[in-house]
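Reading the structure
One-letter residues, chain by chain:
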2 protein chains.
Amino acid sequence: MGSLVEELAGALGAGQVSTEEELLARYAVDQAPVLDFQLPEAVVFAGSVTDVQAVVRLCAAHNVAVVARGAGTGVSGGAHASRNCVVLSLERMNRILDLNPDDETAVVEPGVVNAALNEAAAEHGLMYAPDPASFRSSTIGGNVATNAGGLRCAKYGVTRDSVLALDVVLADGSLIHTGHQTFKGVAGYDLTGLFVGSEGTLGIVVAATVRLKYLPRDVHTIAAFYPDFRQAAAGVLAVGRARVQPAIMELLDGGTLAQLDDLHGSDLSSRGRSLLLIQTDGFGAAAEADVVRSVLAAGGATVSTESTAEAEQLVELRRNSRGVEVDDEYRVGEDVAVPRSRLVDYVAALEDLAATHGVSLKVVAHAGDGNLHPTFWIDRQDSAVDADAMGRLNLALDASINAALEMGGTITGEHGIGQYKLRWLGLEQAEPVRELQRRIKELFDPAGILNPGKAI
Amino acid sequence: MGSLVEELAGALGAGQVSTEEELLARYAVDQAPVLDFQLPEAVVFAGSVTDVQAVVRLCAAHNVAVVARGAGTGVSGGAHASRNCVVLSLERMNRILDLNPDDETAVVEPGVVNAALNEAAAEHGLMYAPDPASFRSSTIGGNVATNAGGLRCAKYGVTRDSVLALDVVLADGSLIHTGHQTFKGVAGYDLTGLFVGSEGTLGIVVAATVRLKYLPRDVHTIAAFYPDFRQAAAGVLAVGRARVQPAIMELLDGGTLAQLDDLHGSDLSSRGRSLLLIQTDGFGAAAEADVVRSVLAAGGATVSTESTAEAEQLVELRRNSRGVEVDDEYRVGEDVAVPRSRLVDYVAALEDLAATHGVSLKVVAHAGDGNLHPTFWIDRQDSAVDADAMGRLNLALDASINAALEMGGTITGEHGIGQYKLRWLGLEQAEPVRELQRRIKELFDPAGILNPGKAI
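Residues numbered from 1 in each chain as written. Chains lettered and ligands numbered in written order. Predicted model: local features only at pLDDT ≥ 70, side-chain atom pairs only at ≥ 80, totals over all residues. Heavy atoms only, no water.

**Some words on the environment of Ala285 of chain B**
Residues and elements named next belong to chain B. Structurally, Ala285 can be placed in helix 11 (residues 285–298). When its relative accessible area of 0% is taken as the criterion, Ala285 is described as buried. The contacts of Ala285, once residues within four sequence positions are left out, are Asp218, Val219, His220 and Thr280. (Helix = DSSP H or I, 4+ residues; strand = E, 2+ residues; numbered from the N terminus. Buried < 20%, exposed > 50% of the residue type's maximum accessible area, 1.4 Å probe, protein only. Contact = heavy atoms within 4.5 Å.)

**Let's talk about the side chain of Asp335 of chain B**
Residues and elements named next belong to chain B. As for its placement among the helices and strands, Asp335 is situated in the loop between strand 16 (329–333) and strand 17 (336–337). There is a polar contact of 2.6 Å between the side chain of Asp335 and the side chain of Thr412. Here Glu414 takes part through its backbone nitrogen, which lies 3.0 Å from a polar atom of the side chain of Asp335. Filtering out sequence-adjacent residues up to four positions away, Asp335 remains in contact with Asn371, Leu372, His373, Pro374, Ile411, Thr412, Gly413, Glu414, His415, Gly416 and Lys421. (Polar contact = N/O pair within 3.5 Å; in protein donor to acceptor, adjacent residues only side chain to side chain.)

**Observations concerning the UniProt feature "domain: FAD-binding PCMH-type" (unreviewed entry) in chain A**
Here, UniProt's "domain: FAD-binding PCMH-type" (unreviewed entry) annotation points to residues 36–215 of chain A. Across residues 36–215 of chain A, the secondary structure splits into 24% helix and 25% strand, with the terminal C-alpha atoms separated by 43 Å. (UniProt positions renumbered as here; feature names shortened; annotations may be inferred.)

**A short note on the domain arrangement of chain A**
Residue and element names in this part refer to chain A. Split into domains, chain A comes out as domain 1 (96–214), domain 2 (219–319) and domain 3 (329–406). Centre-to-centre, using C-alpha coordinates, domain 1 lies 30 Å away from domain 2. Counting from both sides, the interface comprises 9 residues of domain 1 and, opposite them, 9 residues of domain 2. At the boundary of domain 1 with domain 2, total buried surface from both sides reaches about 870 Å², with 46% on carbon and sulfur atoms. The interface formed by domain 1 and domain 2 includes 3 salt bridges. Here domain 1 and domain 2 share 4 residue pairs in polar contact (both at pLDDT 80 or more) between them. Of the residues that constitute the side of domain 1 that touches domain 2, the class distribution is 5 nonpolar, no polar and 4 charged. (Domains from an automatic or database assignment. Buried area = accessible area lost by both parts, 1.4 Å probe. Salt bridge = Lys/Arg side-chain N within 4 Å of Asp/Glu carboxyl O. Nonpolar A, V, L, I, M, F, W, Y, C, P; charged D, E, K, R; others polar.)

**Focus: the relation of the copies chain B and chain A**
For the pair of chain copies, the relating operation is a rotation around an axis with a shift along it. Relative to chain A, chain B is turned by 180° and slid 0.0 Å along the rotation axis, the superposed coordinates differing by an RMSD of 0.0 Å. Read as a symmetry element, the transformation amounts to a two-fold axis. In terms of proximity to the rotation axis, the leading residue of chain B is Gly284 of chain B, whose C-alpha is 1.8 Å off the axis. (Least-squares fit on C-alpha atoms with pLDDT ≥ 70 in both.)

Structure representation (structure tokens):
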């Protein structure tokens with residue numbers, strides 16, 4: 001391994017290769033639970049496509065795994081270091097190479113932060129639509145690797161829907177270009193789609209051509225408070241039945257409201273036991289908001305039209321509701337999605353599961369997509385008198401996964417399988433489908449050096 | 001072969017297998033130009049998934065190619081029979097298996113006609129968005145096989161964007177299920193996306209779960225006539241700069257208008273040399289139409305707000321502008337796409353090419369997508385005195401393809417490579433990318449029995 005590190009430093013420049021203990025530890029994991037902590041042998045900071053090619057070639061020659069990484073904000077362990085690996089950080093490849101306001105496209109290096117692209121696009125009345133909660137720090141490369149979702153997917157689509165073309169370094173160090181610079185294009189197989197969401201296991205994305213959408217002229221935010229969670233979930237269906245497509249439709253349960261109040265001094269809990277937060281946008285935003293308000297009021301909600309500042313604040317609180325976890329809790333959380341018609345049933349199942357297993361529950365959901373992030377938790381203080389707290393949390397978690405699958409759902413709506421969710425993948429996908437994916441992996445990466453043990 | 005036909009008839013029932021000459025000829029080709037006419041050995045009409053599995057297994061055992069086919073409305077030869085093949089028609093598998101208005105999804109057999117699904121969805125205020133010109137006769141299976149586009153893709157996406165899950169019969173006759181029933185889902189590699197657009201070369205789609213969108217409440221149609229084609233193309237960019245997203249944005253040149261007038265007795269040509277036909281829809285349709293009208297008028301258009309009947313008729317004429325080709329012409333046509341900023345340049349290049357090669361030109365374009373269907377043509381009467389007419393047409397055609405590629409475009413925006421466009425694929429995709437696709441094909445279909453010689 002010493003020899004590989006020396007060769008890497010020789011190929012790239014000493015400032016781009018580190019074996020410093022503190023740095024190795026920081027780059028050993030992303031934000032997911034850690035099942036099998038491994039320190040990488042080295043962290044390499046690529047500055048160019050040529051750097052990435054050199055790293056992959058050297059690692060291939062030494063048969064050493066390469067774990068590519070953006071900002072490390074993933075929550076499924078897709079960027080966790082594997083044994084004896086080299087972590088390849090793409091953070092420094094952070095240039096917007098092109099942004100053409102007439103084409104409504106941009107070409108970016110993988111380390112460009114989502115928010116930075118959005119800022120650049122906004123100058124031209126455009127936006128990059130996928131907006132994961134981590135958008136202020138996560139990179140386009142990481143978003144592509146996980147096919148990231150976000151708040152406004154129901155209307156604007158997920159990462160896949162915004163990616164037109166990719167430059168990818170393959171396992172042998174060669175560089176290919178997939179896709180098309182145009183909005184439409186159907187020449188050959190959809191290799192671009194195959195790389196999106198493949199978590200760096202098939203190749204390393206070194207540039208992406210993305211489609212931009214129009215920044216909406218008008219935005220209306222509606223806060224609907226409900227006396228209970230199931231009624232709030234029913235509100236999502238009611239808006240759907242009115243055939244209105246909001247840009248954002250977020251569901252927050254009582255546990256989440258209480259926690260936000262604790263952390264931010266807000267008074268959300270006093271207004272209801274559950275919040276359905278809806279934004280309509282575009283030329284029809286006001287008319288759509290009118291329909292939404294009347295539909296929700298008819299369903300038992302206390303509907304308030306927020307002033308602009310309050311509305312912004314509520315959406316901001318929601319965007320920040322990931323990352324508010326506090327150190328005095330044990331918790332497990334997930335990312336299931338269910339068909340929309342099952343939202344109320346699933347929310348009811350979650351509440352029943354929490355009661356059955358004697359754990360607390362909080363849920364936020366991208367409800368327009370049927371994508372829920374339930375968290376089961378327990379105070380660390382309680383757990384001191386209850387040795388089996390983690391056991392009960394995990395039972396509730398597993399049961400919540402099974403309930404989603406029984407309702408026709410998926411174990412991951414937007415976070416990816418990574419390393420953490422591999423244990424459930426066999427519950428969702430039949431063996432022949434998994435085997436097909438293993439064979440695709442083998443075709444792209446016969447030596448298995450690209451992010452081994454992830455995604456499939 | 002006699003033995004295979006007997007075995008097929010035995011496995012499926014005599015009424016499902018035909019070797020009748022007239023039928024073989026009808027099922028030998030789709031609507032593309034024919035380069036290499038082959039009669040199939042038999043045409044098989046599958047009625048169920050089990051039928052499809054039986055056909056694939058028997059053909060595999062006899063090492064005979066299977067060409068799957070929907071309505072045969074493709075224009076790239078993706079469904080042309082290959083030598084000694086069995087044509088597998090999926091027309092009879094035409095049931096809508098499920099349509100859940102709360103989930104906003106439908107599960108359909110491959111032979112369901114696009115318009116039939118839309119009719120069923122409309123009862124619930126929903127629509128299936130992809131709307132190829134052939135929507136009244138083409139099937140969802142065929143649309144999936146070619147990743148079909150249509151008029152409203154710029155706003156609502158192409159077929160890929162509406163497909164959530166697939167049931168697929170593989171080359172060994174086994175059945176797999178890919179994707180998810182939910183709007184979002186990122187478990188494993190995107191096999192669904194790999195099958196969409198693969199033209200029956202990787203597997204045979206026997207069911208699709210599709211997402212439905214909301215039928216717009218309000219629709220406004222704007223007809224903008226221009227004195228020349230380049231100005232009309234510039235209008236597309238002007239609407240984009242106003243950051244308005246129409247549902248439909250179709251560009252028709254003078255040649256197309258004249259032909260429509262000839263065929264339908266309309267007076268379009270008297271109103272201008274080019275037509276930009278725009279529909280806005282949804283709650284903001286009226287406000288968007290106002291912006292569009294003022295932007296286009298400022299760009300030199302004569303803008304009329306059509307009455308509803310006239311508007312419907314114009315869109316109808318446009319939808320029918322494919323299929324108006326007449327027998328007294330020689331013609332070649334294409335399906336390129338260019339980045340939007342190059343629309344005006346590309347339209348100018350087409351006009352120059354037509355002049356250079358002494359051929360007539362007509363163009364319709366899904367202009368919002370930069371997707372153009374130019375046709376070069378010449379009267380049969382002229383060609384009688386000009387032996388090289390077809391030669392000149394083909395020179396113009398090849399030059400138009402090259403011009404699109406030089407502008408960063410693609411050789412096929414929505415029709416697919418099929419058999420007809422294979423000759424140009426090497427101009428667009430580098431050899432390593434083509435080789436990767438060949439290896440994927442080999443992985444899925446090692447014996448090469450699924451629609452050989454197509455797509456890649």
